[in-house]
Amino acid sequence: MEETIIKAENITFTYEDGTQALKGIDIEIKKGRKIAFLGANGSGKSTFFLCLNGIHQPSNGTLYYRAEPYHYKKDFLLKLRSKVGIVFQDPDRQLFSASVRQEISFGAMNLGLAIEEVKARVDRSIEDLEITAFQEKPTHFLSGGQKKQVAIADILVMDPEVIVLDEPAAALDPKHTTIVNHHIDQMAKKGITVLISTHDVDHAYAWADEVVLFHEGKIIKSGTPKTVFSDEKTLLATNLQKPSALRLFDDLCAKGLFDPSLPPPRNLEELEQYIHDISKRSTAL
Amino acid sequence: MIIIDKLCYYSKLRYQNPYIKTAWAMIALIITVSTRSIALSVLILAAMSYLTVIKGGTNLRRYCHFMAIPFAFLFLSSFAIAVNFSKTPLSVLSLPIGSWYLTASFSGLYLVLQLILTALAAVSCLYFLTLTTPMPDILMVLKKVRCPYLIIEMMMLIYRFIFVLLDIAYQLRISQICRLGNKDKRTSWKALGELMAVLLVRAMKRANEMYDAMESRCYNGVISVLEETGVATKKEIALLAICSLCLTAAALCCAYLGI
Ligand SMILES: Nc1ncnc2c1ncn2[C@@H]1O[C@H](COP(=O)(O)OP(=O)(O)OP(=O)(O)O)[C@@H](O)[C@H]1O
Ligand SMILES: [Mg+2]
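Residues numbered from 1 in each chain as written. Chains lettered and ligands numbered in written order. Predicted model: local features only at pLDDT ≥ 70, side-chain atom pairs only at ≥ 80, totals over all residues. Heavy atoms only, no water.

On to the sheet that holds strand β8 (residues 193-197) of chain A. All names here are of chain A. With respect to topology, six strands assemble into an open sheet ordered β6-β7-β8-β3-β9-β10, the strand pairing being mixed. The open sheet has two edge strands with one neighbour each: β6 (84-87) and β10 (218-223). When strand polarity is set aside, the average angle formed by the axes of neighbouring strands in this sheet is 20°. Two strands pair when backbone bridges link them, and β6 and strand β7 (residues 162-166) are joined in this way by four bridges, in the parallel orientation. In the sheet register, G85 faces β7, and the bridge partner there is I163. Against the sheet, helix α2 (residues 74-83) engages β6 and β7, with an angle of about 65° to β6. Helix-sheet contacts for helix α7 (residues 174-189) involve β3 (34-39), β7 and β8, and the interaxial angle to β8 is about 150°. (Pairing = 2+ DSSP bridges. Helix = DSSP H or I, 4+ residues; strand = E, 2+ residues; numbered from the N terminus. Axes fitted to C-alpha atoms, helices over the stretch in contact; angles between N-to-C directions. Contact = heavy atoms within 4.5 Å.)

In structure tokens form, the structure reads like this:
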């Protein structure tokens, strides 16, 4: 039985200017899962993430952290934020210090750890995220991708149970995307629950245990990547493309080249393997 | 980006102990300003320039350029001190203007020379500090000497924000130019006004967002970060003490000789 770590019950959120960004969200987030949130620009993903960590207080509905309803008192919020960390969409919004090490140490210092422990954790995250090469540079000399790495280290150093990454791959080149994705996988392996928002359907399909589709402030579909991405109608409504591996697989099944009872390939490499197997079989015949 | 900020990160003295560097700059500064001796000022000017340029590796031309900034200002203002209007002509120069004289004296010139050299020496002390010590290190020193938290935190955030805002301003400016926002004087001024307005709004928004981001990392009113510049070693302290003593001795000599 998987343990529910965060639960949202019918939460709504309206910004001061009257924009209703969330219109009733229900979701249960299970411990240790890798969850991808997809949806058009302005569909409410970032807003929802800010609710998870108590920055925004929903106008209606309730959030629960391990069955304890959120209440917006200081001690609860501090506890919550030490367990649920957010890496913001734009690292410039997150980095406040000119010194990389000081920047990374901030969260850990706030947890009230001993200085030695803070140092050890800062060193570890700097090493884990491959920041060593530029750790002595001031933050305003860093490139976008390097800033993102620091922003992730900022949260990792707090050793949270849930880590929320708002578009971790935005503005990154392929190399940095690979580095960041690698670290996200690393976190997931350690048992941290990882929530990401992304516009990359292929990545979501290949990586996630669960996919959540946002549409105009609501969740219109959630479930395993296979079920969500097979639902053509919903995909059309949210203007999302089917992941290319799945699309090719379906096409090839329709042509009778593949057996539809095969588990659908999660990425192009798996699909290639299937094709490889077929050609082997046909030469054997 | 701001060049003077960039230089300190490339200085060869960057990783030297910031407490020692700050203490040295401050001691030298106090001695210069309190003695106002010409000989001592020259000595300190030379020592600080040596440290910044030769030891620190700051480009000499850049350094001279930075030194020239206060120099130009000093030169103009000291002119006003050296030259007097008086009914009686003085020793150096006297230009009669009606029944008055535009005139200067040796002692006046001496005073001006003393003033300029003291000021330049004082400035060289500060340049030594700014060109070898990055801002976060200076903040750490300020914290050590019990400067109020509020001031330190403001300095820290302002320092970071200068670059965030410069970056936004730069992007806005580029995007305006791309859309011919500077095609003539009129549009240029208008575009500048709009840039300022947008920049203000963005700054407010950024500040809010950064506050949220800090809150989400358990910020509780005090910015606490890791401070890890090592304690000064015995050798460093000894060096500082010896240099300071020499400087004091030199100051006393200068005072005794009256130079
Ligand atoms: N500070 C704010 N004030 C007013 N409205 C806002 C604010 N931030 C976001 N909104 C609005 O709330 C809605 C949801 O925005 P949100 O940032 O959550 O979307 P998103 O799914 O993260 O989009 P993206 O993929 O572009 O990041 C949008 O309509 C947006 O205009
Ligand atoms: Mg967003």
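Let's shift gears to α2(A). Those residues of α2(A) that sit buried are A:F76, A:L77, A:L80, A:R81 and A:S82. Taken together, the buried residues of α2(A) touch α1 (45-52), β4 (60-65), β5 (68-69) and β6 of chain A together with α8 (185-215) of chain B. (Buried < 20%, exposed > 50% of the residue type's maximum accessible area, 1.4 Å probe, protein only.)

Phi is mostly negative for residues that are not glycine, and the peptide bonds are mostly trans. Residues and elements named next belong to chain A. One non-glycine residue with positive phi stands out, namely A67, at about 70°. By the secondary structure assignment, A67 is in the loop between β4 and β5. Of note, E216 is a non-glycine position whose phi angle comes to about 45°, a positive value. When you line up the elements, E216 lands in the loop between β9 (210-215) and β10.

Residues and elements named next belong to chain A. The N-to-C vectors of helix α4 (residues 100-110) and helix α5 (residues 115-128) enclose an angle of 125°; their axes lie 9 Å apart at closest approach. In terms of axis orientation, α4 runs oblique to α5. Note that α4 runs across α5; the crossing there is right-handed. On α5, the residues touching R101, I104, S105, A108 and M109 of α4 are I115, V118, V122, D123, S125 and I126. (Parallel < 35°, antiparallel > 145°, perpendicular 65-115°, else oblique. Left-handed = near helix turned anticlockwise from the far one by under 90°.)

Turning our attention to the interface of chain B and chain A. If you look at the interface, chain B gives 33 residues, while chain A gives 37 residues. Where chain B abuts chain A, roughly 3,300 Å² becomes buried across the two surfaces, and 59% of that area is made up of carbon and sulfur atoms. When the buried area of chain B at its contact with chain A is split by residue, B:R160, B:R217 and B:L226 rank highest and sum to 27% of it. Summed over the shared surface of chain B and chain A, the number is seven salt bridges. For A:R93, the salt bridge goes to B:E209, with nearest N and O atoms at 4.0 Å. Linking chain B to chain A there are twelve residue pairs in polar contact (both at pLDDT 80 or more). Those elements giving two or more residues to the side of chain B that touches chain A turn out to be α1 (3-10), α6 (135-144), α7 (149-178) and α8 of chain B. For the side of chain B that touches chain A, the element with the highest residue contribution is α8(B), accounting for seven residues. Here the residues of the side of chain B that touches chain A sort into 18 nonpolar, three polar and twelve charged. (Buried area = accessible area lost by both parts, 1.4 Å probe. Salt bridge = Lys/Arg side-chain N within 4 Å of Asp/Glu carboxyl O. Polar contact = N/O pair within 3.5 Å; in protein donor to acceptor, adjacent residues only side chain to side chain. Nonpolar A, V, L, I, M, F, W, Y, C, P; charged D, E, K, R; others polar.)

Our focus in this paragraph is the coordination of the magnesium ion (ligand 2). Coordination sphere of the magnesium ion (ligand 2), protein contribution only: A:S46 (OG) and A:Q89 (OE1), at 1.9 to 2.4 Å. Placement of A:S46 in helix α1 and of A:Q89 in the loop between β6 and α3 (91-94) is noted, with a sequence separation of 43 residues between them. (Donors = N, O, S within 2.8 Å, 3.2 Å for Na, K, Ca; no water.)

Residues and elements named next belong to chain B. Where α6 contacts α7, the axes come no closer than 10 Å and their chain directions differ by 175°. For the element pair α6 / α7, the angle class is roughly antiparallel. Across the interface between the two elements, M135, P136, L139, L142 and K143 from α6 touch Y149, I152, M155, M156 and Y159 from α7. Of the residues in the contact of α6 with α7, the class split is nine nonpolar, no polar and one charged.

This part takes up the sheet that holds strand β1 (residues 83-86) of chain B. Two orientations exist for strands paired in a sheet by backbone hydrogen bonds: parallel and antiparallel. All names here are of chain B. Strands sit in the order β1-β3-β2 across an open sheet of three strands; the sheet is antiparallel. Across the chains shown, the open sheet's two edge strands, defined by having one partner strand only, are β1 and β2 (93-97). Across the sheet, the mean angle from the axis of one strand to that of its neighbour is 25°, orientation sign disregarded. By the bridge criterion, four bridges tie β1 to strand β3 (residues 100-104) in an arrangement that is antiparallel. In the sheet register, S86 faces β3, and the bridge partner there is Y101. Relative to β1, helix α4 (residues 60-82) is tilted by about 30°, and along the sheet it contacts β1 and β3.

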